[in-house]
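So you can see what is in the structure, the chains are spelled out below.
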Amino acid sequence: DEEDDGGVRAHLQAIFDVYATEETITEVSYLQFLSDVGLLNPDNGATRVQAIELFRLNVSSESRERSVEEPRLTIGDFEACMVCLALIVEADAEEGEALKVMLGRVLDF
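Summarised in this report is the structure supplied together with it. (Residues numbered from 1 in each chain as written. Predicted model: local features only at pLDDT ≥ 70, side-chain atom pairs only at ≥ 80, totals over all residues. Heavy atoms only, no water.)

## So, the packing of aromatic side chains
Aromatic ring pairs are described here by two measures, namely the spacing of the ring centres and the angle between the planes.
Piece 1. Counted under the stated rule, the structure contains 4 aromatic pairs.
Piece 2. On the basis of an interplanar angle of 45 degrees and a centroid distance of 5.2 Å, the ring pair of Tyr30 and Phe55 is categorised as tilted. Placement of the pair is Tyr30 in helix α2 (residues 27-36) and Phe55 in helix α3 (residues 48-58), with a sequence separation of 25 residues.
Piece 3. Overall, the relative accessible area of 0% leaves Tyr30 in the buried class.
Piece 4. Measuring from centroid to centroid gives 5.8 Å for Phe33 and Phe78, while their planes differ by 65 degrees, and the two rings are edge-to-face. Of this pair, Phe33 sits in helix α2 while Phe78 sits in helix α5 (residues 75-89); the two residues are 45 residues apart in sequence, bridging distant segments of the chain. Comparing Phe33 with Phe78, the two get one shared label, buried.
Piece 5. An aromatic cluster of three or more residues is present, and its members are Phe16, Tyr19, Phe33 and Phe78. (Phe/Tyr/Trp six-rings, centres within 6.5 Å; stacked < 30°, edge-to-face > 60°. Helix = DSSP H or I, 4+ residues; strand = E, 2+ residues; numbered from the N terminus. Buried < 20%, exposed > 50% of the residue type's maximum accessible area, 1.4 Å probe, protein only.)

## Remarks on the pattern of salt bridges
Piece 1. Inspection of every chain in the model, using the stated rule, returns 5 salt bridges.
Piece 2. For the salt bridge of Glu70 with Arg72, the shortest nitrogen-to-oxygen distance reads 3.7 Å.
Piece 3. Glu70 gets classed as partly exposed once you look at its relative accessible area, which sits at 29%.
Piece 4. Here Glu97 and Lys100 are joined by a salt bridge, their closest N and O atoms 3.4 Å apart. One end of the pair is Glu97 and the other is Lys100, both in helix α6 (residues 95-107) and 3 residues apart, which spans about a single turn.
Piece 5. On the accessibility criterion, Glu97 (42% relative accessible area) is partly exposed. (Salt bridge = Lys/Arg side-chain N within 4 Å of Asp/Glu carboxyl O.)

This is the structure we're talking about:
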């Protein structure tokens, strides 16, 4: 339901704000976040290769145009990344549920 989605969005925004610089997240910060919450873990999350692939897939054309020096995720890109990651981690859940389950596991959500 939408109320839960608002909570999920608020959590994603809060995470984003911690790891973001100038409204975007670099690959290094993104990997640091995954590592900090235990999602960079082949047994219980994604492999480093999967995580980097997701990052690169979800960098929007808008952020590609803005940052020539290195790809960065906007908040929308970051949300898309987290949904993809949730589907890897919680493969048997639906998209919205997978994200809630994964965030719940890593954030006491």
